[in-house]
Amino acid sequence: MNSVKKLTVPIEIRALKTANIYHVSGDYNYIVDTGMSENAYNEIKNSIDLSKIDMCIITHLHIDHIGGALYLNRYNNIPAYISKSDYDSIKYMTDNLSEYSIEFKNLMLSNGVPEELYSRITEGNMAIKFIDYYASLDLNILKNIEMKDTEIIDVPGHSPGSIAIYLKDIRAMMTGDHVLGNITPNISIYMNNVDYLGMYIESLKKIRNYQVDIAYPGHRDNFTNFSERIDQIIEHHNRRMDSLSANLKDWKNAFSVASSIEWSRGRKLENMNYMEKNFAIVETIAHLIHMERTGRIESKNAGETVLYHAVNRQ
């Protein structure tokens, strides 16, 4: 039978402060996610007997989940496994940093981010900031691993290759950042003009009807209202799209929209740090892409800038 032990470690992201790591014992002995840095690794090695660990499984490519993998491999010879889509995304970024950086700059500038702000916002792009770390990783593609009473589920959206792990015998779901109990996961963009929000919502629907007694998320507390929480997250995005539609009675670029709407806890874009600005602007673009795909808004080019406008539905 599978069993799960939770370890909470500090991370160097102001808005989150901590991340969760799980030690699963069963057909295999493994760790799910690894924190953000060597600080997290030190917490892991002091709390878990690493001599008995077969591998670590990474739910998605974000640095606050993959950041300890290098040290587990280097100091304890523990291999790290990640989905093929996230593996390919990391490889593209590390092998083609110049092209990736140009694409990111084009995304920002074409959506109205002032060029003088762009260079500071780049400091909040976690892939660019930690590119040397990503390039040092020795990762394995997660495939053909069969574990008793365990299902690894592809849930793309929060990252291109996010996964969830369902432990059938104890009706538990390790969700990574796909479903969190009391915060809403950020939706970003990895390839320009791909509808990651649409992908994310479909992935939420994909796992909604699993029989889950307890969910183990990547951040904060475990929760039991699994299907209800998925409904709440979908409704959150619907409300956000309603807010964006109301804001687009006139033609606007994404940066203007992100600057004028209210974010969680009543915050405004101007009061965020550069990492948070990066997340907010890109998430706004992700919503606008999905809204255009689903016919709620339309876009046009005004010189080198993309403008958006709500479609009048009668």
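Only a predicted model underlies this, so the values are computations on that prediction, with no experimental measurement involved.

Participant: Can you walk me through the sheet that holds strand β9 (residues 172–176) in this structure?
Facilitator: Strand pairing in a sheet relies on backbone hydrogen bonds, with the paired strands running either antiparallel or parallel. On the basis of which strands lie adjacent, the open sheet formed by 4 strands has the order β7-β8-β9-β10 and mixed pairing. Edge positions in the open sheet fall to β7 (150–154) and β10 (214–217), since each of these has one partner strand only. On average, each strand axis in the sheet is tilted by 20° relative to the strand beside it, whichever way the strands run. Looking at chain direction, strand β8 (residues 163–167) and β9 are connected through 3 bridges and run antiparallel. Looking at the pairing, tyrosine 166 lines up with methionine 173 of β9.

Participant: Just to check I follow, could you spell out the environment of lysine 52 for this structure?
Facilitator: With respect to the secondary-structure elements, lysine 52 resides in the loop between α1 (38–47) and β4 (55–57). The exposed category is assigned to lysine 52, whose relative accessible area is 55%. The spatial distance from the C-alpha of lysine 52 to the C-alpha of tyrosine 28 is 9.6 Å, given a sequence separation of 24 residues.

Participant: What should I look at first to understand the environment of isoleucine 53 in this one?
Facilitator: Position of isoleucine 53 relative to the elements: it lies in the loop between α1 and β4. In this structure isoleucine 53 comes out as buried when scored by relative accessible area, which is 7%. Not counting residues within four places of it along the chain, the set of residues in contact with isoleucine 53 comprises His23, Asn29, Tyr30, Ile31, Ile48 and Ile78.

Participant: Help me out: how do you make sense of the side chain of histidine 219 in this one?
Facilitator: In this structure, histidine 219 sits in the loop between β10 and α10 (226–247). Using a relative accessible area of 2% as the deciding quantity, one classes histidine 219 as buried. Separated by 2.8 Å, the side chain of histidine 219 and the backbone oxygen of threonine 18 make a polar contact. A polar atom in the side chain of histidine 219 sits 3.2 Å from the side chain of histidine 65.

Participant: Explain helix α4 (residues 84–95) to me, please; I cannot follow it from the model alone.
Facilitator: For an α-helix, 3.6 residues make a turn, and residues three or four places apart therefore share a direction. The first and last C-alpha atoms of α4 sit 16 Å apart over 12 residues, in line with the 16 Å expected at 1.5 Å per residue. By the burial criterion, the buried members of α4 are Asp86, Ser89, Ile90 and Met93. Taken down its axis, α4 places every buried residue within 95° of arc, on the same side. Contacts made by the buried residues of α4 are with α2 (63–66), β5 (80–82), α5 (97–110), α7 (126–129), α8 (131–136) and β6 (139–141).

Participant: Is there a simple way to explain the pattern of salt bridges in this structure?
Facilitator: Under the definition given, this model contains 10 salt bridges. Measuring nitrogen to oxygen at the nearest pair gives 4.0 Å for the salt bridge that ties aspartate 49 to lysine 52. The exposure class assigned to aspartate 49 is partly exposed, which follows from its relative accessible area of 40%. Linking lysine 84 and aspartate 88 is a salt bridge whose minimum nitrogen-to-oxygen distance equals 2.7 Å. Residue lysine 84 and its partner aspartate 88 are located together in helix α4, separated by 4 residues, close to a single helical turn. Residues joined by salt bridges that share partners form a network here, namely Arg14, Arg267 and Glu276.

Each value, and the rule that gives it
Residues numbered from 1 in each chain as written. Predicted model: local features only at pLDDT ≥ 70, side-chain atom pairs only at ≥ 80, totals over all residues. Heavy atoms only, no water. Pairing = 2+ DSSP bridges. Helix = DSSP H or I, 4+ residues; strand = E, 2+ residues; numbered from the N terminus. Axes fitted to C-alpha atoms, helices over the stretch in contact; angles between N-to-C directions. Buried < 20%, exposed > 50% of the residue type's maximum accessible area, 1.4 Å probe, protein only. Contact = heavy atoms within 4.5 Å. Polar contact = N/O pair within 3.5 Å; in protein donor to acceptor, adjacent residues only side chain to side chain. Expected span 1.5 Å × (residues − 1). Arc of directions from axis to C-beta. Salt bridge = Lys/Arg side-chain N within 4 Å of Asp/Glu carboxyl O.

As far as function goes, none of this settles anything; it's purely spatial.
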